[in-house]
Amino acid sequence: MAKYRNETLGVVNVGGAVIAPKKVADLDDKACGLAGLVKRGILVKVDGRSAGAKTDKPADKAEQPQQKAAE
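In short, a report on the structure. (Residues numbered from 1 in each chain as written. Predicted model: local features only at pLDDT ≥ 70, side-chain atom pairs only at ≥ 80, totals over all residues. Heavy atoms only, no water.)

### Brief notes about the nonpolar core
Logical step 1: Core analysis: the biggest nonpolar cluster contains 13 residues, and Tyr4, Val14, Leu27, Leu34, Leu37 and Leu43 have the highest contact counts within it.
Logical step 2: Setting aside anything within four residues of it in sequence, one finds leucine 34 in contact with Tyr4, Val14, Leu27, Asp28, Asp29 and Leu43. (Core = buried A, V, L, I, M, F, W, Y, C linked by side-chain atoms within 4.5 Å. Buried < 20%, exposed > 50% of the residue type's maximum accessible area, 1.4 Å probe, protein only. Contact = heavy atoms within 4.5 Å.)

Right, dumping it as structure tokens:
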């Protein structure tokens, strides 16, 4: 079982679970039709981490060499 979010503006029915738009549901990974919906981008697997928890900041790393060159 994993969590999947509906990325569309319509309701999706997968494996007997009805998922409202932009909501998350716990689905069996082997549910009929799940692979096709994920492949088309209708459903997205949610891993449980928040979007703000990312630690990589490539923009900050790119700015550092420019600052040193200006000095």
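### With respect to the pattern of salt bridges
Logical step 1: Tallied over the full model, the rule gives two salt bridges.
Logical step 2: Two residues, glutamate 7 and arginine 5, come together in a salt bridge whose shortest N-O distance is 2.4 Å.
Logical step 3: Residue classification places arginine 5 among the partly exposed positions, given a relative accessible area of 30%.
Logical step 4: Lysine 22 is the salt-bridge partner of glutamate 7, the closest N and O atoms lying 3.8 Å from each other. Here the residue glutamate 7 occupies a position in the loop between strand 1 (2-6) and strand 2 (12-14), and lysine 22 occupies one in the loop between strand 3 (17-19) and strand 4 (24-27), the gap between them amounting to 15 residues.
Logical step 5: The exposure class of glutamate 7 is partly exposed, given its relative accessible area of 28%.
Logical step 6: Residues joined in a network through salt bridges with shared partners are Arg5, Glu7 and Lys22. (Salt bridge = Lys/Arg side-chain N within 4 Å of Asp/Glu carboxyl O. Helix = DSSP H or I, 4+ residues; strand = E, 2+ residues; numbered from the N terminus.)

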